[in-house]
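The primary structure of each chain is shown beneath.
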Amino acid sequence: MHTNEQALKRGLQERHIRLMALGSAIGVGLFLGSANAIKLAGPAILLSYIMGGIAIFIIMRALGEMAVHNPVAGSFSRYAQDYLGPLSGYLTGWNYWFMWLVTCVAEITAVGIYMGIWFPDVPQWIWALAALAAMGAVNLATVKAYGEFEFWFAMIKVVTIVLMIIGGGAMILFGLGNHGVATGISNLWAHGGFMPNGAQGMLMALQMVMFAYLGVEMIGLTAGEADNPNKSIPDAINSVFWRILIFYVGALFVILSIYPWNELGTHGSPFVMTFERLGIKSAAGIINFVVLTAALSSCNGGIYSTGRMLYNLAQQGQAPRMFAVTSKGGIPHRAIQVSIVALLLGVLLNYLVPAKVFVWVTSVATFGAIWTWGVVLITQMKFRKSLSDAERQRLVFRMPFYPYASWLALAFLVLVIGLMAHFPDTRVALLVGPLWLVLLAVLYYVFGLGKRELANSAG
C-alpha cells in the first residue's frame, strides 16, 4: 500500500506554513464575533483568550510531537487509527471532513453578505458561488498555489491587526485621534470592574473563545506536504501561543482600553470604530475587505483540509478507493472535487432550509472541533507509551510537561463541554454531535469498513 509521501508533493515552504498557522487562528470571529464574548465577560475576556490559548498550545504541541515523528497528510486521523484503532481513525477523519464542510458553507455565505455591502443589487448566491469556484480552482492547481494564496490572505489580516494595535496604542499613550488627550487604560476597570459579571461571565465566554480557535489544528495536515517538516512544523506550532497573545489579546486589550466594554457591539465593529477615530474615513470599506479575505482564507483552508482528509480516509480503506488518487501535480483532485460538490449542496441548503437546521449543523461542527482536539491529546499519550526508552530519547519535538499538560488540556475541554451543556443555544451540539458519531459508527459496521481495513493492511 502506497504511503502519502509518494503521492503528495512537498511544495509547502516554511513561510507558507508559518503564515497558515497564524491565519487559521485569526478568523472572522476576531473582527466580528468578539463583541458577543465581550458582553458576557467584559474586560475579563482577555483572561478567557489566554486560558483558551494555553489549552490550544498544549494540543498543538501534542499534535506536533506526532507530526514531526511521522509527517503524513491524514495527521490526527492517521495517528488515531495507528494508536487507538481503525474505528477512532475513521470517526475522527469523517467528523473533521464534515466539520470543515459546515464551516466552509458558513464562510461562503459570509462572502456573499460582505460583497452585498458594496454590490447590494447582485444576489448573494452569485458571490457565494464565485468564491467557491475561485477557491476550488486554487486548490486544484498545485499545493504551492494554495500555500501562496493562504500566505497573502493571512498577511492582510496580520497587517490590519498590527496597524490597529499601533494606532490604538498611540491613542492610549499620546491621544492620537483623540485631540491629543491620552485615553489611558482606565476603561479596563471603570465600568463595573475588570470582571463585571464575575468569574461566571468569564467562563461563559470560553465556548465562544474556543470556537474562534477552530482551525489551528490544520497545521498537522500540512505535514505530509511540507518541504522540511522537521523544521517548519515545530516553528509554526511554537509561534502559535505568542501570536495568539499578540493578535487576540493585544487587539482586544487596545479596543477595551479605548472603549467602555458595555458600549461595544452597539455601533458596529470595534475595528472600524478605532480606524475612524484615527482619521481613516474609509475604515468601514477597509475592514469589509479584510473580513472578506478572512472568509475566503477560511474557505480556501477548508477545501484543502476536506480534500486531504478524504484522501487519507480512502488510503485507509475507510472511503471509496477512487479518492486515494492524485493528479500529476500531486493534488488529491478527486477528493477535492467531491468536497466542492458537497459544498455546492451546502450553499443550496443554506438558502432552502430554515435557519434552525443550520444552527444544528454548525453545532455539530463545534462538537467536531472539541472531539478532534480531545483525540489528539489521547492519541499522543498512547503514542508516547508505545515508544521504547531509546525512541523517546530520540524524539525531535517533545511535548512539554508530559503527561500533566495533556491531562490539564483534556480537563479544560471537559469544562468547555460542560459550559455548552449549560446554554440552551449550544446544548443542541451535545445531542446532535454524539448522534452524528453513532450514525458514522453504524455505517462503519454496515459497510464492513473494519474488515476492509484489515484486508488492506494484510495486503
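Please read all numbers here as calculations on a predicted model, not as lab measurements.

**Student:** How should the overall build of the protein be read in this particular structure?
**Tutor:** Assigned secondary structure in the protein consists of 19 helices and zero strands. Its C-alpha atoms put the protein at 75 × 55 × 40 Å along the principal axes. Residue burial in the protein is summarised as follows: out of 459 residues, 56% are buried. If you average the places of the 27 positive and of the 18 negative side-chain charges in the protein, the two averages end up 4 Å apart.

**Student:** Would you mind going over the pattern of salt bridges with me for this structure?
**Tutor:** Side-chain pairs of opposite charge can arise where the charged atoms are in close proximity. Per the counting criterion, the structure on display carries five salt bridges. Glu 225 is the partner of Arg 308 in a salt bridge, and the nearest nitrogen-oxygen pair spans 2.8 Å. Linking Arg 308 in helix H13 (residues 283–315) with Glu 225 in the loop between helix H10 (206–212) and helix H11 (229–258), this pair joins segments that are 83 residues apart in sequence. For Glu 225, a relative accessible area of 0% corresponds to the buried category.

**Student:** Would you take a moment to explain unusual backbone geometry for this structure?
**Tutor:** Negative phi values dominate among residues other than glycine, just as trans dominates among peptide bonds. The step from Tyr 402 to Pro 403 runs through a cis peptide bond, and the omega angle for that step is -5°. Mapping Pro 403 onto the fold places it in the loop between helix H16 (389–394) and helix H17 (404–422). Positioned with a positive phi, His 179 is a non-glycine residue whose angle comes to about 55°. When you line up the elements, His 179 lands in the loop between helix H8 (143–174) and helix H9 (198–204). If you check the backbone angles, Phe 401 has positive phi at about 55° while not being a glycine. The exposure class of Phe 401 is exposed, given its relative accessible area of 68%.

**Student:** Help me understand helix H7 (residues 124–141) in this model?
**Tutor:** Because an α-helix completes one turn every 3.6 residues, residues spaced three or four positions apart along the sequence face the same direction. Compared with an ideal rise of 1.5 Å per residue, which puts 18 residues at 26 Å, H7 spans 26 Å between its outermost C-alpha atoms and is within 8% of the ideal. Among the residues making up H7, those that are buried are Trp 127, Ala 128, Ala 131, Leu 132, Met 135, Gly 136, Val 138 and Asn 139. Summarising the axial view, the buried residues of H7 lie within an arc of 165°, below the 170-degree limit, and thus occupy one face.

**Student:** Is there a simple way to explain the packing of aromatic side chains in this structure?
**Tutor:** The description of two aromatic rings rests on the distance between their centres and on the angle between their planes. Using the criterion set out here, one finds 13 aromatic pairs in the structure. Between Tyr 49 and Tyr 213, the ring centres sit 6.1 Å apart and the planes meet at 85°, which makes this aromatic pair edge-to-face. Placement of Tyr 49 in helix H4 (residues 45–69) and of Tyr 213 in the loop between H10 and H11 is noted, with a sequence separation of 164 residues between them. Of the two residues, Tyr 49 and Tyr 213, both sit in the buried class. Summarising the aromatic geometry, the rings of Tyr 83 and Phe 383 are spaced 5.4 Å apart at their centres and angled 75° between planes, so their arrangement reads as edge-to-face. Separated by 300 residues along the polypeptide, Tyr 83 in helix H5 (residues 76–84) and Phe 383 in helix H15 (residues 355–386) bring together distant segments of the chain. Taking the relative accessible area as the measure of exposure, Tyr 83 reaches 25% and is therefore partly exposed. Judged by relative accessible area, Phe 383 falls into the buried class, the value being 1%. A connected cluster of aromatic rings, assembled from ring pairs, spans Tyr 49, Tyr 213 and Tyr 248.

**Student:** For this particular structure, what's the right way to read the confidence of the model for the protein?
**Tutor:** The predicted coordinates of low-pLDDT regions are not to be read in fine detail. Put simply, the protein has an average pLDDT of 85, and 92% of its residues get 70 or more. Summarising per-element confidence for the protein, the mean pLDDT is lowest in helix H1 (residues 4–7) (48) and highest in H17 (93). Contacts from residues 1–6, a stretch scored under 50 in pLDDT, to residues over four places away or in other chains number 15 contacts.

**Student:** Hey, could you run me through H8 in this one?
**Tutor:** Helix length check: H8, at 32 residues, gives a terminal C-alpha distance of 46 Å against a target of 46 Å (1.5 Å per residue), a fit within 8%. Backbone geometry just downstream of H8 places Gly 175 in the positive-phi region, at approximately 80°.

**Student:** Quick question: what am I supposed to make of the nonpolar core here?
**Tutor:** For soluble globular proteins, nonpolar side chains are generally found buried alongside one another. Counting 147 residues, the largest nonpolar core has Ile 45, Tyr 49, Ile 56, Tyr 213, Ile 219, Leu 256 and Trp 373 as the members making the most contacts within it. Ranked by residue count, the leading element in this core is helix H6 (residues 86–118), at 17 residues.

**Student:** Explanation requested: the packing of H8 against H11 in the structure shown.
**Tutor:** Helix packing for two helices is described by the angle between their axes and how far apart those axes are. It is the contact of H8 with H11, at a shortest axis distance of 9 Å, that shows an interaxial angle of 35°. Between H8 and H11 the crossing geometry is left-handed. For the pair formed by H8 and H11, the contact residues are Val 158, Ile 161, Val 162, Met 164, Ile 165, Gly 168, Gly 169, Met 171 and Ile 172 on the first element and Ile 246, Phe 247, Gly 250, Ala 251, Val 254, Ile 255, Ser 257 and Ile 258 on the second.

**Student:** How should the side chain of Asn 300 be read in this particular structure?
**Tutor:** When you line up the elements, Asn 300 lands in helix H13. Among the residues examined, Asn 300 registers a relative accessible area of 0% and is labelled buried. Each residue touching Asn 300, except ones within four places of it in the same chain, is listed here: Met 135, Val 138, Asn 139, Tyr 146, Phe 149, Glu 150 and Phe 153.

**Student:** Would you mind going over the side chain of Thr 222 with me for this structure?
**Tutor:** Its place among the elements puts Thr 222 in the loop between H10 and H11. For Thr 222, a relative accessible area of 2% gives the class buried. For Thr 222, the residues in contact, after removing those within four places along its chain, are Leu 12, Ile 17, Met 20, Ile 233 and Tyr 304.

**Student:** What exactly am I supposed to notice about the packing of H11 against helix H12 (residues 270–277) here?
**Tutor:** The interhelical angle for the contact between H11 and H12, taken along N-to-C directions, is 65°, at an axis separation of 11 Å. In terms of axis orientation, H11 runs roughly perpendicular to H12. In this structure, the crossing between H11 and H12 has a hand that is left-handed. For the pair formed by H11 and H12, the contact residues are Ala 251, Ile 255 and Ile 258 on the first element and Pro 270, Phe 271, Thr 274 and Arg 277 on the second.

**Student:** Looking at this model, I keep getting lost on a nonpolar patch on the surface. Mind explaining?
**Tutor:** Taken together, Leu 47, Ile 185, Trp 189, Phe 194, Met 195 and Phe 253 make up a surface patch of nonpolar side chains, about 500 Å² in accessible area. Among the structural elements, Ile 185 can be located in the loop between H8 and H9. Judged by relative accessible area, Ile 185 falls into the partly exposed class, the value being 33%.

Conventions adopted
- Residues numbered from 1 in each chain as written.
- Predicted model: local features only at pLDDT ≥ 70, side-chain atom pairs only at ≥ 80, totals over all residues.
- Heavy atoms only, no water.
- Helix = DSSP H or I, 4+ residues; strand = E, 2+ residues; numbered from the N terminus.
- Buried < 20%, exposed > 50% of the residue type's maximum accessible area, 1.4 Å probe, protein only.
- Lys, Arg positive; Asp, Glu negative; His and termini not counted.
- Charge placed at Lys NZ, Arg CZ, Asp CG, Glu CD.
- Salt bridge = Lys/Arg side-chain N within 4 Å of Asp/Glu carboxyl O.
- Expected span 1.5 Å × (residues − 1).
- Arc of directions from axis to C-beta.
- Phe/Tyr/Trp six-rings, centres within 6.5 Å; stacked < 30°, edge-to-face > 60°.
- pLDDT = per-residue confidence, 0-100.
- Contact = heavy atoms within 4.5 Å.
- Core = buried A, V, L, I, M, F, W, Y, C linked by side-chain atoms within 4.5 Å.
- Axes fitted to C-alpha atoms, helices over the stretch in contact; angles between N-to-C directions.
- Left-handed = near helix turned anticlockwise from the far one by under 90°.
- Parallel < 35°, antiparallel > 145°, perpendicular 65-115°, else oblique.
- Patch = residues over 30% accessible without salt bridge, like charges linked within 9 Å, V, L, I, M, F, W, Y side chains within 5 Å.
- Areas by Shrake-Rupley, 256 points an atom, 1.4 Å probe, with all protein chains shown as cover.

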